[in-house]
Amino acid sequence: MELKKNERINGYTVELEIGVSKEEFEAGLEQAYRKNVGQIQIPGFRKGKAPRKMIEKMYGATVFYEDGVNLAYPAAYEAAIEAAGIIPVDQAELDIVDLSADGFTFKATVTVRPEVSVDGYKDIRVEKHQHEIGDEAVEEEIRRMAERSARIETVEREAQSGDLANIDYEGSVDGVPFDGGKAEGYDLKLGSGTFIPGFEDQIIGHKAGDEFDVKVTFPEEYHSEELAGKEAVFKTVLHEVKESILPEIDDEFAKDVSEYDTIEELRKETRENLEKANEAHVEQAFESEIFEKVAELVKDEIPEVMFNNTIDNLVQDFAYRMSMQGIGLEQYMQMTGTTMEQFRENFRDRAVQQVKVGLALEAIAKLEGFDATEEEVDAEYEKLATEQMTVEQIKTYLNAASVKQDIITEKVINLLKEVAAQ
């Protein structure tokens, strides 16, 4: 491979001119011959056994050129982008400049990861918003533990807030049923705010066996434009009312839900856990605010494909998490009345920030001269190792370059935290 030209057309587009030698092209032609010979019939030879020269004589010397080019250029392109020191973020546009038995030259126009300016990163200041864990928070967490251990019993009285109501319902607007407005045997926790405002309140006071209409108005900002702001009627049947009976909050309760013998020990452990969680939340919020300010420093033009690629990743992650709940992405969009275009647009702001932060962290790492030693990489592998997975196993799916980049990024983040806290 010969890199004949390496020219930056604009801030993030590079044009490469790459030469492929006679030897490299010949290797591609031979591979093309072996790939296609099984489909070629030449008189006097069994199918798939004709020599390459005989095929070229019959069909022309260029018969394997197209496949030969396609098989030879990828390695040359990879070597060229490494020699040019660029990081592509999209597929390159390729054009053949010249082609002969002596090799070929092609032009690759490629969108690359841009370098951005991060002037002022040492002037970032962010305040940590600390807050203490009070007794109320501890008692609220203990109450949630009790709710998880609650006994559920069917009651014959009227439904109250906090009860579980088993209902059938079918909604309509102007007498016309709408998609997603019908269910049977649905367990609704009254007072949970799960349904449209006003829906749950109108079930309270009814008994099992009652049939009644629930009249509500969809919020103006409702996700489905067809229903936003509209009045709806839900024909409702209340089948069963169930009450949660909480256990007594005492030593016996502590023994049932934990490894502790007394409620005071459970309270102490609960407070410690809440404090740890709170500390992690404060640190995460601190870091998030730093990232927001770092993103604001990036004023350079960024290729749109980088945002789209990040949106793709966010959509795939969301789809995976929904699939874990048994809901497909198309089903989710139908339920929410959202088009794919609208759905993707919901992720755009997050994608823009992620891309800008990533580019900014790379720029700061270069300015600070941060690197990761071989010893640091080895130490990180050791840290990632578990009883189920050895260092060598981890290395098979997590290469050293990726680990090295993570270490450098962590150094940049630590620097920004020190700067921001001044």
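Computed from a predicted structure; not experimentally measured.

> Help me understand the nonpolar core, please; the structure alone is not making it clear to me.
Most often, soluble globular proteins keep nonpolar side chains buried together rather than apart. Val118, Ile290, Ile302, Met306, Ile364 and Leu416 are the most contacted members of the largest nonpolar core, which totals 40 residues. At the level of elements, helix H6 (263-297), helix H7 (304-323), helix H10 (348-368), helix H11 (374-384), helix H12 (391-397) and helix H13 (400-420) are the ones that each hand at least two residues to this core. Sequence-distant contacts of Met306, defined by excluding residues within four places in its chain, comprise Val89, Arg113, Pro114, Val355 and Leu359. With 28 residues, the next largest nonpolar core counts Val14, Val20, Ala72 and Ala108 among its residues.

> Honestly, the pairing of strand E7 (residues 176-189) in this entry has me stumped. Any pointers?
Within a regular strand, the side chains alternate between the two sheet faces. Sheet analysis places strand E6 (residues 164-173) next to E7, joined by eight bridges and oriented antiparallel. In the strand pairing of E7, Leu164 is matched with Lys189. Hairpin connection, E6 to E7: the antiparallel pair is bridged by two residues, and Asp174 has positive phi, about 55°.

> Got a minute to help me understand the pairing of strand E4 (residues 103-111) in this structure?
Here E4 lies mainly inside the structure; eight of its nine residues are buried. As judged from the eight bridges shared by strand E2 (residues 13-20) and E4, these two strands associate in the antiparallel manner. Paired with Ile18 across the strands is Phe106, a residue of E4. Bridge count for strand E3 (residues 93-100) against E4 is seven bridges, and the pairing is antiparallel. Residue pairing across strands places Ser100 opposite Gly103, the latter belonging to E4. Hairpin connection between E3 and E4: a loop of two residues separates the two successive antiparallel strands.

> I tried to follow the layout of surface pockets on my own but got confused; where do I start?
If a probe the size of a water molecule is rolled over the atoms, the empty space left behind becomes visible. Each pocket or cavity is described by its volume, and for the largest pocket that value is around 750 Å³. Lining of the largest pocket is provided by 26 residues; of these, Asp179, Gly180, Tyr222, His223 and Met335 occupy positions nearest its centre. Per-element accounting of the lining of the largest pocket gives the leading share, seven residues, to E7. Of the residues in the lining of the largest pocket, the class split is 15 nonpolar, eight polar and three charged. Its volume calculated, the second largest pocket comes out at about 410 Å³. Ile87, Arg113, Glu115, Glu362 and Lys366 are, among the 17 residues lining the second largest pocket, the residues nearest its centre. Within the residue set of the lining of the second largest pocket, elements represented by two or more residues are H10 and H13.

> In this structure, what is going on with the pattern of salt bridges? I would like to understand it.
If the charged atoms of two oppositely charged side chains come close together, the side chains can form a pair. In the structure shown here, the tally under the stated rule is 32 salt bridges. The residue Lys235 makes a salt bridge to Asp213 at a minimum N-O spacing of 3.8 Å. With Lys235 in strand E9 (residues 231-245) and Asp213 in strand E8 (residues 211-217), the pair connects residues that are 22 residues apart, well separated along the chain. Accessibility expressed as a relative area gives 56% for Lys235, which makes it exposed.

> Which parts of the structure should I look at to understand unusual backbone geometry?
Leave glycine aside and you will find that most residues have negative phi; peptide bonds, for their part, are mostly trans. The phi dihedral of Asp174 falls on the positive side, at around 55°, and the residue is not glycine. Relative to the elements of secondary structure, Asp174 occurs in the loop between E6 and E7. What makes Asp174 exposed here is its relative accessible area of 75%.

> Quick question: what am I supposed to make of a negative patch on the surface here?
A contiguous patch of negative charge on the surface is contributed by Glu248, Asp250, Asp251, Asp256, Asp261 and Glu265. Within the element layout of this structure, Asp256 appears in helix H5 (residues 251-257).

> Before we go on, may I ask you to explain the packing of aromatic side chains in this structure?
Remark: the centre distance and the inter-plane angle together describe each pair of aromatic rings, the angle taken between the planes. With the rule as written, the count across this model stands at 20 aromatic pairs. Judged by centre distance (6.0 Å) and plane angle (75°), the ring pair of Tyr169 and Phe199 falls under edge-to-face. Of this pair, Tyr169 sits in strand E6 while Phe199 sits in the loop between E7 and E8, placing them 30 residues apart in sequence. Taking the relative accessible area as the measure of exposure, Tyr169 reaches 11% and is therefore buried. For Phe199, a relative accessible area of 0% corresponds to the buried category. Here the aromatic rings of Tyr169 and Phe234 are separated by 6.0 Å at their centres, their planes lie at 65°, and the arrangement is edge-to-face.

What counts and what doesn't
Within any chain, residue numbers begin from 1 and follow the written order of that chain's sequence. Totals for whole chains, interfaces and linings use every residue, but because this is a predicted model, local features are given only for residues with pLDDT of at least 70 and side-chain atom pairs only at 80 or more, for both listing and counting. Side-chain measures were taken over the full set of non-hydrogen atoms in the model, leaving aside hydrogen atoms and water. Working definition of a nonpolar core: buried Ala, Val, Leu, Ile, Met, Phe, Trp, Tyr and Cys residues. They are joined through side-chain atoms within 4.5 Å. Remark: exposure states derive from per-residue accessible area (1.4 Å probe, protein chains only) relative to the maximum for the residue type, with buried under 20%, exposed over 50%, and partly exposed in between. Runs of E in the DSSP output that reach at least two residues are strands. Runs of H or I that reach at least four are helices, and both are numbered from the N terminus. Should any heavy atoms of two residues lie within 4.5 Å, those residues are counted as being in contact. By the convention used here, strands pair only if DSSP detects at least 2 bridges between them. Only protein atoms enter the 1 Å grid used here, on which a cavity is any set of points holding a 1.4 Å probe that cannot leave and a pocket is any open set flanked by protein within 12 Å on both sides along at least five of seven lines; residues with an atom within 4 Å of a point are listed as lining. Grid points are joined across faces, edges and corners, and a volume is the space filled by probe spheres set on the points. For this classification, the nonpolar set comprises Ala, Val, Leu, Ile, Met, Phe, Trp, Tyr, Cys and Pro, the charged set comprises Asp, Glu, Lys and Arg, and every other residue, Gly included, is treated as polar. Here, a salt bridge means any Lys or Arg side-chain nitrogen found within 4 Å of an Asp or Glu carboxyl oxygen. Residues form patches when they are more than 30% accessible in relative terms and have no salt bridge. Like charges link within 9 Å. Nonpolar side chains (Val, Leu, Ile, Met, Phe, Trp, Tyr) link within 5 Å. Method for areas: the Shrake-Rupley scheme with a 1.4 Å probe, in which residue coverage is limited to the protein chains shown. Charge counting follows a simple rule: Lys and Arg are positive, Asp and Glu are negative, and His as well as the terminal groups are ignored. Every charge is mapped to an atom, namely NZ of Lys, CZ of Arg, CG of Asp or CD of Glu. Within 6.5 Å between ring centres, the rings of Phe, Tyr and Trp (the latter by its six-membered ring) count as paired, and their orientation is classed by plane angle as stacked under 30 degrees, edge-to-face over 60, tilted in between.

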